[in-house]
Each structure stands twice: as structure tokens, then as C-alpha cells.
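Residue-level structural notes
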Amino acid sequence: MKRPIAEFGPTACYIPTKVATNADFEQMFDTSDEWILERTGIRERHWASDEETIAFMATEASKRALDEAGLTPEDVDAIVVGTASWDRLLPSQACDIQAVLGATNAAAFDVGAACSGFLYAVSVAEGMIASGTGEQILVIGAERLTRIADYTDRSTAILFGDGAGVVLMRPATDGTRGILSIYLKTDGRLGDLLYRSGGGSLQPPGEVMEREHGYFIKMAGREVFKHAVRLMADACDQALRRAGLTVDDIDLLIPHQANIRIIEATAKRAGIPKEKVYINVDRFGNTSAASIPIALDEAVRAGRIGPGSIVLLVAFGGGLTWASIVIRW
Ligand code: UT7
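None of the values given here were measured: they were computed from a predicted structure.

**Concerning the sheet that holds strand β8 (residues 178-186)**
The 4 strands lie next to each other as β8-β13-β12-β11, forming an open sheet whose pairing is mixed. The two strands at the open ends of the sheet, each matched to only one other strand, are β8 and β11 (252-255). The sheet shows a mean angle of 10 degrees between the axes of neighbouring strands, direction not considered. As judged from the 8 bridges shared by strand β12 (residues 310-317) and strand β13 (residues 321-328), these two strands associate in the antiparallel manner.

Following this line, the structure appears as C-alpha cells:
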């Protein structure tokens with residue numbers, strides 16, 4: 001397959017207004033601003049209100065991207081959504097976004113790959129464009145993780161934030177700009193390091209789910225951390241090799257924003273200098289599938305990405321799943 005087949009059009013994001021600082025957690029359990037900042041790099045994260053559902057946040061962001069492209073919701077051929085915190089389990093999150101947005105001509109479905117969900121969704125959208133199934137595709141990463149965080153578990157509750165990011169993908173318009181390479185990887189044997197067991201057919205609502213806090217995200221943080229650094233650095237190498245580029249060609253690395261120590265260690269291992277790494281984990285915490293599209297939108301608006309920029313996106317999360325994409329803007 002000869003790339004580029006697809007390019008990124010306008011980006012947009014929606015961030016809930018309510019901010020939770022580290023001091024807010026000091027009221028809930030035994031923790032401190034110092035610990036959270038030093039171990040994670042997080043200062044604050046955004047908490048969605050009852051009205052700010054995933055469907056709402058994703059729709060607001062999608063409207064902005066479509067406006068910028070001069071398109072209407074009816075022009076959208078497909079909506080592909082990465083999320084791990086669906087508003088409801090059935091129908092898919094994408095169907096509810098399609099309905100609220102009024103994208104009546106769009107096929108809509110979710111991609112389940114946790115924090116790597118946005119990059120997996122980009123890969124699916126590229127395939128749809130390659131096969132001629134659609135031309136204008138909204139690729140969304142959106143999460144309301146604060147509703148499935150366990151506020152009796154200090155090691156995970158402090159990490160998560162809410163928000164939505166979107167990119168409008170379309171066929172590449174010239175032979176040089178667009179997606180240059182994609183690398184996707186999974187190791188399901190490590191699924192128990194980061195999971196949410198309750199509410200599915202295996203552990204339906206009831207006494208067991210209640211007792212085991214099955215409704216909430218559970219993570220073996222230290223183990224996940226080790227895999228994250230090793231596998232994200234490797235994913236950077238893999239995507240660059242597939243694109244026929246080296247680290248020196250990169251203008252900006254946008255890694256999944258889970259922990260500043262993971263981001264710094266990944267960049268160091270991959271040989272990418274700090275100035276070329278986009279970081280916003282301090283302001284948003286971990287927004288899972290939303291973290292890369294939110295950072296991407298910020299980077300575009302801040303002028304850190306412009307026409308011709310080589311951007312490397314790298315994600316890692318539950319599954320375990322990981323992924324990387326090189327794009328010439
Ligand atoms: O987005 C998907 C992928 N997710 C990630 O990549 C996250 C990966 N993991 C991490 O970011 C880190 O492992 C955490 C931030 C979750 C935890 O940091 P850590 O440095 O790995 O801490 P730890 O789990 O090894 O715990 C060290 C100590 C423990 O105390 P003891 O057993 O040494 O006495 C914890 O109980 O820190 C304690 N601790 C806390 N102390 C104060 C855990 N959470 C807190 C807290 N405040 N919030």
C-alpha cells in the first residue's frame with residue numbers, strides 16, 4: 001500500500017470547565033500535592049458536569065472541526081470513536097454522537113483499544129478512505145473517566161480527567177502530506193494489569209460487583225509503567241522505520257499523556273529531545289483515548305505544528321495496546 005492515502009484536516013477539542021486540583025484530593029484520602037506532582041506531573045484535571053456527556057463533548061468538538069472545514073454534519077461519511085468510558089454500553093458511543101450531531105449520512109461505530117483508541121480509530125479511518133468507503137471521517141477520542149474512577153483508590157483516582165478531541169480525516173490531497181506510517185500492537189495476556197470487570201456479562205451488577213468495586217478502573221500502576229516506557233519507545237522506532245525516517249526528522253512528538261515520568265523516559269529512550277515533546281498532562285491528567293487528539297489540537301493552535309511538520313503520535317494503554325503514527329502535516 002502506497003502512502004499517504006489520508007490526511008488530517010481540521011482538529012478541535014472540548015474541555016469541561018470544572019477543574020479539580022491536587023488539593024481537592026487531599027480532602028478525600030491520604031495524599032498530597034507534592035506526591036501527585038512528583039510521581040505523575042499532574043497539577044489539575046477537568047471534570048465533566050452531568051450535562052457534559054461524552055456525546056455532548058464530542059459533538060461540540062466535531063461541530064468546531066466541521067465549521068473550520070466548511071462542512072455540515074450531513075457531509076460526514078463516518079464517525080469512528082475511541083473511548084473506554086461510554087455514556088452507555090449500548091448502542092455504541094458513536095451512534096449517540098451521530099444522533100446529537102445530526103450526521104444523518106454517517107456510519108458510526110466505536111473502536112475499543114482504551115488509551116490507544118484514538119490511534120486505532122485513525123488506522124480504521126485510513127482503511128475506509130483507502131477502500132473508498134468514505135471520504136470525510138470524524139475520528140474522535142472522548143472520555144468521561146472521572147465517572148468510572150474509584151475514589152477509594154488513591155493510586156488511580158488522582159490520574160484521570162475528562163474531555164474530547166477530534167480530527168476530520170480525508171483523502172490525501174497531494175503525494176507528500178498525510179499519514180506516512182502506522183504501527184499497532186496488542187498483548188492481551190497483560191489485560192489484567194488495567195481493567196474494569198463490572199457491568200459486563202461476566203460480572204453483572206450485583207453483590208460481587210459492588211464488593212469488588214468492579215464498576216471502576218483497576219490498574220497495577222508500577223507494572224503498567226514499566227511496559228509503557230519500553231513499548232512506547234519501541235513504537236516510536238517502529239513507526240519511524242516504516243516511514244523511512246529517523247528521530248532527527250521529527251518536529252514534534254505527541255505521546256499519550258499518562259504520566260510525566262513515562263513521557264520523559266519514553267522520549268529519552270527514543271532519542272527525542274525535550275523541546276520536541278508536547279506535554280499537557282499537568283493540566284489535563286490522563287484522558288485516555290482523548291489525550292492525543294486534545295494535545296494535537298492544542299499543538300496546532302499554538303503553532304507548534306504547521307504545513308510540512310513531521311509529527312509522531314504514540315499511545316499506550318489497557319489491553320495492553322500500543323500504537324504509533326507518523327504524519328506529515
Ligand atoms: O493510560 C494508560 C496507561 N497508564 C499508565 O501509563 C499509568 C502508569 N502508572 C503510573 O503512572 C504510576 O505507576 C502511578 C502514578 C499510578 C503510581 O506511581 P508509582 O510511583 O508507580 O507508585 P506505586 O504504585 O509504586 O506506589 C508507591 C507508594 C505506595 O506506598 P508504599 O507501598 O510504598 O508505602 C503507594 O501506596 O505510593 C503510595 N501511593 C500514594 N501516596 C500518596 C499511591 N498513590 C498515592 C497517592 N498519594 N495518591
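**Points about the pairing of strand β5 (residues 107-111)**
Pairing between strand β4 (residues 78-82) and β5: 5 bridges, direction parallel. When the sheet's bridge partners are listed, G82 is paired in β5 with V111. Chirality of the crossover, the property in question, places the unit of β4, helix α4 (residues 93-101) and β5 among those that are right-handed.

**Observations concerning a negative patch on the surface**
Taken together, the side chains of D24, E26, D33 and E34 make up a negatively charged region of the molecular surface. For the negative patch, the secondary structure elements donating two or more residues are α1 (22-26) and α2 (33-40). Along the polypeptide, D24 turns up in helix α1.

**Looking at the domain arrangement of the protein**
By domain assignment, the protein separates into domain 1 (6-171) and domain 2 (178-328). With 52 residues of domain 1 in contact, the opposing surface of domain 2 contributes 47 residues. Taken over both partners, the interface formed by domain 1 and domain 2 buries close to 3900 Å², and the fraction arising from carbon and sulfur atoms is 64%. At the surface where domain 1 touches domain 2, the tally comes to 1 salt bridge.

**Here we look at the sheet that holds strand β1 (residues 6-14)**
Strand order in this open sheet of 5 strands is β1-β7-β6-β4-β5, and the pairing throughout is mixed. Among the strands making up the open sheet, the edge pair consists of β1 and β5. The sheet shows a mean angle of 20 degrees between the axes of neighbouring strands, taken without regard to direction. Here helix α5 (residues 117-131) sits on the sheet and contacts β1, β4, β5, β6 (137-144) and β7 (162-171); the angle it forms with β6, its principal contact strand, is near 165 degrees.

**Side note on the packing of aromatic side chains**
The full count for this structure, using the stated rule, is 7 aromatic pairs. An angle of 85 degrees between the planes, with centres 5.5 Å apart, marks the rings of Y14 and F56 as edge-to-face. Of this pair, Y14 sits in strand β1 while F56 sits in helix α3 (residues 54-69), placing them 42 residues apart in sequence. Judged by its relative accessible area of 12%, Y14 falls in the buried class. Between F25 and W47, the ring centres sit 6.1 Å apart and the planes meet at 80 degrees, which makes this aromatic pair edge-to-face. Linking F25 in helix α1 with W47 in the loop between β3 (44-46) and α3, this pair joins segments that are 22 residues apart in sequence. With respect to class, F25 is no different from W47; both count as buried. Through a chain of ring-to-ring contacts, three or more aromatic side chains come together here, namely F25, F29, W47 and Y151.

Rules behind the numbers
- Residues numbered from 1 in each chain as written.
- Predicted model: local features only at pLDDT ≥ 70, side-chain atom pairs only at ≥ 80, totals over all residues.
- Heavy atoms only, no water.
- Pairing = 2+ DSSP bridges.
- Helix = DSSP H or I, 4+ residues; strand = E, 2+ residues; numbered from the N terminus.
- Axes fitted to C-alpha atoms, helices over the stretch in contact; angles between N-to-C directions.
- Right-handed = clockwise from strand over helix to strand, strands pointing away.
- Patch = residues over 30% accessible without salt bridge, like charges linked within 9 Å, V, L, I, M, F, W, Y side chains within 5 Å.
- Areas by Shrake-Rupley, 256 points an atom, 1.4 Å probe, with all protein chains shown as cover.
- Salt bridge = Lys/Arg side-chain N within 4 Å of Asp/Glu carboxyl O.
- Lys, Arg positive; Asp, Glu negative; His and termini not counted.
- Charge placed at Lys NZ, Arg CZ, Asp CG, Glu CD.
- Domains from an automatic or database assignment.
- Contact = heavy atoms within 4.5 Å.
- Buried area = accessible area lost by both parts, 1.4 Å probe.
- Phe/Tyr/Trp six-rings, centres within 6.5 Å; stacked < 30°, edge-to-face > 60°.
- Buried < 20%, exposed > 50% of the residue type's maximum accessible area, 1.4 Å probe, protein only.

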